Structure formats: structure tokens, C-alpha cells
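# Examination of the molecular architecture
Okay, here's what each chain looks like letter by letter:
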Amino acid sequence: MLGSVAAGSAAANTLTNYHDRDIDAVMERTKKRPIPSGRITPENARNFGIVLAGISLVLAAAIALETTPEQGAWAAIFIAFGLGNNVLVYSYALKRNSWSNIILGGLCGALRR
């Protein structure tokens, strides 16, 4: 389970950094991150994030082999919800458009821990 959560957290962080690469490049605090500084290409970061998300979901589903299928399904559902909520809802839909991103961002963080 730890590997699934770690890969899911890394995937969410990577995909959020991929999405924020344009504003990270102009902010003093974030301009030295790997994508804006050019150490990693945006495409490689995106692909790595997607692979990490896939690994996270596969590991979560594999929990069913160690537990009951129902527990494994719930693990995969929560990981998928946390990833989807963080990347799609928080980063893409709300972060730059609404104050409510703070609430969902906190939920994302809580679900990943």
C-alpha cells in the first residue's frame, strides 16, 4: 500500500508541476523547478507522471491479492479519486479560477497521506 500511495503522490505532484510550468517559470520561488529551468522537458514530465499514476493504480489494485477483493477495490478507488481530484479538479479546473481550490487542495493533500 505504501508504494501505491507514494507513486500516487509523486504522480499528482509531477502532473501538477507539468500543468503549472508556465506560471512556475515567472515566479521567483518556483522558477528553478525542473521543468521551468529546462532540466526536464514538459513531455518527459507528463509521461513520467502518467506512468507513476498507472503504477499507483496497479499497486492499489494488487492489494486485492493480499486482502479481500473488496478491500483492494476500495484502495484503488481512493487512489484514483485522490489523483483525479488533485490533477483534474484542483490543478486544471480550480487552481487558477476559484478560491475554492484551497478547500479541494486540502482534501487532495489529506487523501494522499
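As the structure is a computational prediction, the values presented were derived from the model and not from experiment. Counting from 1, residues in each chain are numbered in the order their sequence is written. Two thresholds apply to this predicted model, a pLDDT of at least 70 for residue-level local features and 80 or more for giving and counting side-chain atom pairs, whereas whole-chain, interface and lining totals are computed over all residues. Think of the side-chain values as coming from all heavy atoms in the structure, minus any hydrogens and water.

The UniProt record marks residues 48-65 and 71-93 with the feature "transmembrane region" (unreviewed entry), using the residue numbering of this structure. Secondary structure within residues 71-93 divides into 100% helix and 0% strand; the distance between the first and last C-alpha atoms comes to 30 Å. UniProt positions are given in the numbering used here, feature names are shortened, and annotations may be inferred rather than shown by experiment. Helix and strand labels come from DSSP, where a helix needs a run of H or I of at least four residues and a strand needs a run of E of at least two; each type is numbered from the N terminus.

This brings us to the packing of aromatic side chains. Any two aromatic rings considered together are summarised by their centre-to-centre distance and by the angle between their planes. Between the rings of Phe, Tyr and Trp (Trp by its six-membered ring), a pair exists once the centres lie within 6.5 Å; its type follows the angle of the planes, with under 30 degrees stacked, over 60 edge-to-face, and the other angles tilted. For the structure on display, the rule yields one aromatic pair. Pairing Trp-74 with Phe-78 gives two aromatic rings, centres 5.9 Å apart and planes at 35 degrees, and the pair type is tilted. With Trp-74 and Phe-78 both in helix H4 (residues 69-94) and four residues apart, this pair spans about one turn of that helix. A ring is scored as having a charge over it whenever the NZ atom of a lysine or the CZ atom of an arginine sits within 6 Å of its centre and within 35 degrees of its normal. Geometry around Tyr-18 places Arg-21 over its ring, the cationic atom sitting 4.1 Å from the centre.

As a further point, take the layout of surface pockets. The calculated volume of the largest pocket comes to roughly 180 Å³. The way it works is a 1 Å grid over only the protein atoms, where trapped points that fit a 1.4 Å probe form a cavity and open points with protein on both sides within 12 Å along at least five of seven lines form a pocket, and then any residue with an atom within 4 Å of a point lines it. Lining the largest pocket are 15 residues; nearest its centre among them are Thr-16, Asn-17, Asp-20, Arg-33 and Lys-95. Of all elements in the fold, only helix H1 (2-19), helix H2 (21-24) and H4 reach the threshold of two or more residues within the lining of the largest pocket. Considering each element in turn, the lining of the largest pocket owes the most residues, four residues, to H1. The residue inventory of the lining of the largest pocket, partitioned by class, reads four nonpolar, five polar and six charged. Grid points are joined across faces, edges and corners, and a volume is the space filled by probe spheres set on the points. Under the scheme applied here, ten amino acids are nonpolar (Ala, Val, Leu, Ile, Met, Phe, Trp, Tyr, Cys and Pro), four are charged (Asp, Glu, Lys and Arg), and all others, including Gly, are polar.

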